[in-house]
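# Per-entry structural report
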Amino acid sequence: MKKTLLLLIAALIVLNSLMFFKTSASVSYEGYTYNYWGEKKIAPPAFVPSRLITSDEMGTGALSNPSDLFISDSGVIALSDTDNNRVLLLDSEFEVTKKITGIEYKGVKTLLANPEGLFIDDDGELYICDTGNNRIIRLSPDGNVIDIYIRPDSPLLDGYSVFSPIRVVVDKSKKLYIISKGINMGILELDENGILDKFIGAPLVFVNKIDYFWKSIASKAQTERMSSYVPTEYNNIYLDREGFIYTTTDSVTEDQIIAKVASRDRSTDSSPVKRLTLGGEDVLSREGFFPPVGDVKFPINNQDYIQNGGSERTYLKENEKGPSALVDVAATAYGIYSVLDSKRGRIFTYDYDGNLLYVFGGVGAQMGTFLGAISLCEYDQKYYVLDKVTGSITEFVRTDYGTAVLDAINFYNDSEYQKSLEQWNFVVSRDANSEIAYLGIGKIKLMQNDFVGAMKYFKLANSREYYSKAMKLYKNNELGKGFGAVVFILIAAALVIAAILQIRKALLVMINFGKTDFKKFGRND
Amino acid sequence: MGIFNKVGLITREAVFGTKYSLHVIFHPFDGFYDIKHEKKGNIYTATLFVLVLILIFIAKRQFTGFVINTARQKDLNIISEIVSVVLPILLWCISNWCLTTLTEGEGSFKDIYIYTCYSLVPMILLLAPLIVYSRFLTVEGAAFYSFFNGFAYVWTGLLILFGTLVTHQFTLGKTIFSVIIVIVGMGVIAFIGILFFNIIQQVIEFIGEVILEYDLRV
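Structural notes, computed from the coordinates.

## Things to note about the overall build of chain A
Counting secondary structure elements, chain A contains 10 helices and 29 strands. In chain A, buried positions account for 47% of the 525 residues. Intrachain contacts of chain A at a sequence separation of at least 6 include 48% that bridge at least 24 residues. Working note: accessible area of chain A is about 27100 Å², and carbon and sulfur atoms make up 57% of it.

## Thoughts on the overall build of chain B
Broken down by element type, chain B carries 8 helices and 0 strands. Once the C-alpha set of chain B is aligned to its principal axes, its extents read approximately 70 × 50 × 50 Å. The 218 residues of chain B split such that 41% are buried. Contacts in chain B between residues at least 24 apart in sequence constitute 76% of all its contacts with a sequence separation of at least 6. Approximately 12400 Å² of chain B is accessible, and the part contributed by carbon and sulfur atoms is 74%. Averaging the locations of the 14 positively and 14 negatively charged side chains of chain B gives two centres separated by 9 Å.

## Thoughts on the environment of A:Pro141
All names here are of chain A. Secondary-structure assignment places Pro141 in the loop between strand 12 (135-139) and strand 13 (145-149). Classification of Pro141 by relative accessible area gives exposed; the value is 55%. Sequence separation between Pro141 and Lys317 is 176 residues, and the spatial gap between their C-alpha atoms is 45 Å. In this structure Pro141 touches Asp123, Gly124 and Glu125, once residues within four positions along its chain are discounted.

## Thoughts on the sheet that holds strand 20 (residues 273-276) of chain A
Residues and elements named next belong to chain A. One open sheet holds the 3 strands; their spatial order is 18-19-20, and the pairing between them is antiparallel. With one partner strand each, in any of the chains shown, strand 18 (236-239) and strand 20 form the two edges of the open sheet. Mean inter-strand twist for the sheet, computed between neighbouring axes without regard to direction, equals 20°. Where strand 19 (residues 245-248) meets strand 20, 4 bridges bridge the pair, whose relative direction is antiparallel. Bridge pairing in strand 20 places Thr247 opposite Lys274.

## Side note on the side chain of B:Lys36
Here B:Lys36 is to be found in helix 2 (residues 28-37). Leave out the neighbours within four places in its chain, and B:Lys36 touches B:Glu106, B:Gly107, B:Asp111 and B:Thr167.

## A look at the environment of A:Pro292
All names here are of chain A. Mapped onto the secondary structure, Pro292 falls in the loop between strand 20 and strand 21 (305-307). When its relative accessible area of 2% is taken as the criterion, Pro292 is described as buried. Remark: the alpha-carbon pair of Pro292 and Phe360, spanning 68 residues in sequence, is separated by 15 Å. Setting aside its immediate chain neighbours within four residues, Pro292 contacts Pro272, Val273, Leu284, Arg286, Tyr337 and Tyr350.

## Thoughts on the state of the cysteines
Considering all chains together, one arrives at 0 disulfides over all chains under this definition. Here A:Cys377 stays unpaired: no disulfide links it, and the sulfur of A:Cys129, its closest cysteine neighbor, is 14 Å away. In this structure B:Cys98 is not part of a disulfide, and its nearest cysteine sulfur, from B:Cys93, lies 11 Å away.

## Side note on the interface of chain A and chain B
Contact with chain A, which involves 24 residues of that partner, is made by 24 residues of chain B. Between chain A and chain B, the buried area comes to about 2400 Å², and carbon and sulfur atoms account for 62% of it. Linking chain A with chain B are 2 salt bridges. In this structure, B:Glu140 engages A:Lys472 in a salt bridge whose closest nitrogen and oxygen atoms are separated by 2.9 Å. Here chain A is connected to chain B by 6 residue pairs in polar contact (both at pLDDT 80 or more). Listing elements by their share of the side of chain A that touches chain B, those giving two or more residues are helix 9 (451-460) and helix 10 (464-510) of chain A. When residues in the side of chain A that touches chain B are grouped by element, the largest group, 8 residues, is from helix 10 of chain A. Class assignment of the residues belonging to the side of chain A that touches chain B gives a composition of 10 nonpolar, 6 polar and 8 charged.

## Details of the packing of aromatic side chains
Residues and elements named next belong to chain A. This structure, assessed with the given rule, holds 30 aromatic pairs over all chains. An angle of 50° between the planes, with centres 6.4 Å apart, marks the rings of Tyr29 and Phe396 as tilted. With Tyr29 in the loop between helix 1 (2-17) and strand 1 (31-34) and Phe396 in strand 29 (residues 392-398), this pair connects stretches of sequence that are 367 residues apart. Each member of the pair, Tyr29 as well as Phe396, carries the same accessibility label: buried.

## Structural notes on the sheet that holds strand 11 (residues 126-130) of chain A
Residue and element names in this part refer to chain A. Across the sheet, which stays open at both edges, the 4 strands sit in the order 10-11-12-13 with antiparallel pairing between neighbours. Edge strands, defined here as strands with exactly one partner in the open sheet, are strand 10 (118-120) and strand 13. Ignoring which end each strand starts from, the neighbouring axes of this sheet average 15° apart. Both strand 10 and strand 11 contribute to a ladder of 3 bridges, which runs antiparallel. Following the sheet pairing, Phe119 is matched in strand 11 by Tyr127.

## Re unusual backbone geometry
All names here are of chain A. We note that Asn85 has phi near 55°; this positive angle belongs to a residue other than glycine. Relative to the elements of secondary structure, Asn85 occurs in the loop between strand 5 (77-81) and strand 6 (86-90). Backbone geometry places Ser415, a non-glycine residue, at a positive phi of 65°. Structurally, the position occupied by Ser415 is in the loop between helix 6 (400-413) and helix 7 (417-430). A relative accessible area of 44% means that Ser415 is categorised as partly exposed.

## Examining helix 5 (residues 109-118) of chain B
Where burial is concerned, most of helix 5 of chain B is hidden: 8 out of the 10 residues are buried. Burial in helix 5 of chain B covers these residues: B:Asp111, B:Ile112, B:Tyr113, B:Ile114, B:Tyr115, B:Thr116, B:Cys117 and B:Tyr118.

## Details of the nonpolar core
Within the largest apolar cluster, 48 residues are counted, with the highest numbers of intra-cluster contacts made by A:Phe47, A:Tyr358, A:Phe360, A:Val385, A:Phe396, A:Val405 and A:Trp424. Filtering out sequence-adjacent residues up to four positions away, A:Trp424 remains in contact with A:Val405, A:Ala408, A:Ile409, A:Ile436, A:Ala437, A:Gly440, A:Ile441 and A:Ile444.

## A look at the pattern of salt bridges
All names here are of chain A. All told, the structure shown has 32 salt bridges over all chains when counted by the stated rule. Lys174 serves as the salt-bridge partner of Asp121, at 2.6 Å between the closest nitrogen and oxygen. One end of the pair, Asp121, is in the loop between strand 10 and strand 11; the other, Lys174, is in the loop between strand 14 (165-170) and strand 15 (176-180), with 53 residues separating them in the sequence. Residue Asp121 is classed as buried on the basis of its relative accessible area of 8%. In this structure Lys174 comes out as buried when scored by relative accessible area, which is 11%. A salt bridge links Asp265 to Lys260, with the shortest nitrogen-to-oxygen separation between them at 3.1 Å.

## Quick word on the side chain of A:Ser392
Residue and element names in this part refer to chain A. Positionally, Ser392 belongs in strand 29. Side chain to side chain, Ser392 and Thr390 meet in a polar contact 2.7 Å long. Contact partners of Ser392, with chain neighbours within four places excluded, come to Leu52, Ile53, Thr54, Val385, Leu386 and Asp387.

The rules behind these values
- Residues numbered from 1 in each chain as written.
- Chains lettered and ligands numbered in written order.
- Predicted model: local features only at pLDDT ≥ 70, side-chain atom pairs only at ≥ 80, totals over all residues.
- Heavy atoms only, no water.
- Helix = DSSP H or I, 4+ residues; strand = E, 2+ residues; numbered from the N terminus.
- Buried < 20%, exposed > 50% of the residue type's maximum accessible area, 1.4 Å probe, protein only.
- Contact = heavy atoms within 4.5 Å.
- Areas by Shrake-Rupley, 256 points an atom, 1.4 Å probe, with all protein chains shown as cover.
- Lys, Arg positive; Asp, Glu negative; His and termini not counted.
- Charge placed at Lys NZ, Arg CZ, Asp CG, Glu CD.
- Pairing = 2+ DSSP bridges.
- Axes fitted to C-alpha atoms, helices over the stretch in contact; angles between N-to-C directions.
- Disulfide = S-S within 2.5 Å.
- Buried area = accessible area lost by both parts, 1.4 Å probe.
- Salt bridge = Lys/Arg side-chain N within 4 Å of Asp/Glu carboxyl O.
- Polar contact = N/O pair within 3.5 Å; in protein donor to acceptor, adjacent residues only side chain to side chain.
- Nonpolar A, V, L, I, M, F, W, Y, C, P; charged D, E, K, R; others polar.
- Phe/Tyr/Trp six-rings, centres within 6.5 Å; stacked < 30°, edge-to-face > 60°.
- Core = buried A, V, L, I, M, F, W, Y, C linked by side-chain atoms within 4.5 Å.

These figures come from the coordinates and say nothing about function on their own.
Below you can see the structure in the form of structure tokens.
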């Protein structure tokens, strides 16, 4: 008896200690998402860092304040090493193949000066924003200068003294779309010959009538201290495969972001990320719980600390306060896009409708975290993030969780509903809070005409629009068979009313034996 | 045995009074007059209405159809729901009683309480089935819901207005004026109440600190 007891205890100890041998990898950040109520919910990380490419590995010597990383569709990698005044071309192993420090054009040799944005078009032509020299250089794949674009000679630019291109994208017809420092009329559209066609995407500025009134009677000193109504400048642009231009800006104020989040605003006003047509219209779909702004809840800039119950305080660092500062965007198939928050080093990925899929990354010195995330690229299902402070590139690969989410979306878009359902079920098994998975399952159930099931999942997904859709279809469906139900309901209602009357009668009878005390209340019936 | 008797009587009065309330809400001028002068209303029924309204508001928050309901069911705070019904009613009654005394109204506090609570009946009658109806609504039907919801409040508001008119024997103009100053009065009472609590809190803190000082120094 004693022996078996000892054996049992020993077995239990051994079994318990097995749990310390976990097989899951730990990452330097937590994956998370935001639910319908704006609460941050920890989720399995969708992407994990797989490789840190330092300048030593690249073979380039230390990078100094690099600003842009570009990976073309055919896998050509370009990196602008801004403060070293050079552009680096790397092979698929991220080893340097070419260092461009200067060019020769029409017999004149010039050096690059603080080059920033890069773009490689479908023909392999490399466009460099030679910002310090106020020009854009267009190179052929073998490195010859095809053209140099300087400040266009256009009356539209009167009032702007400097043309300082920081980012450029080029479409199939060789039109250049340029962001220039200090020009806030939108994106400059230049044709192949460098002639300025127009500006696109200038954000409309709505002046609040009350503020206008105050401004009109304020003194000069007061006006200077008021926030000015200049359109926000974009800080980056990205051309997607369908010819739309994604833009990001980090100059939306904290108050504007808080207001947008609180009202779940779907408009394009004060949006940190937009998707513009070539005509300049923002067509980004913002049908998620909150507009795509990065972090939805954050300590405000005025807040110095968080009270952790009792007298414990955690003092907040500068980068823990305030909204996300979006500096780059990369889009993949089916309208899924990711934005890079340089303030907290995170990548937020949204689907076509604007639902937040997952968040990964962070601030720090470990692999997978950043001190100055500045550029985001997606290539071959991996993400690459350039850190301007450490001068290194971090490569992220999908986990099985991330693959399941993306596959579920892709299968659904390809109408392979059963496969999509399997993937969403896997997502739910890993993260029971995943409202996006419940939404996905609900949509599939809708396709399969399982209206009751669809309603159940849409409720879990907190999607009132889809729930309503499913309910409508359910009612239409049931209307034929409904007659019996209607009759039943009428009878049931009649029974309920009869029951209530009976109960009331019974109550009166029960409490009626105090009849003699009636007179105390002065009633005379 | 005596207490049981009393409770039974109170419940009886309460339940009896509900029948008359149906007449009142459709004929406010007769109804409120009879309540005051022929004692056809009683405070037990009035309180019953308040309790039922609390239940209905809680049910509304928890059971309204998903398409319209934006409340977070698991965050129900019953105290908060009860206070949000009882406090405005009490504030209104107290402020009403204070100010209508000044404007020579003829209603006593009991009269005010009774007519205010009887005015809540349309809300009870309309909101309860509305909760059931909302569960079968789609997004398009939300307009119907808003309409009936608003209608219930408007009806109640009108009843309170007419109740004030009849019970205090005002002219219409005087009624509107009184209602406005009563609402302002509610704000003033609430403000003073909060101020009072704040000051008491500070006094208690101060006493606590003095005791602590004494403790540490002596």
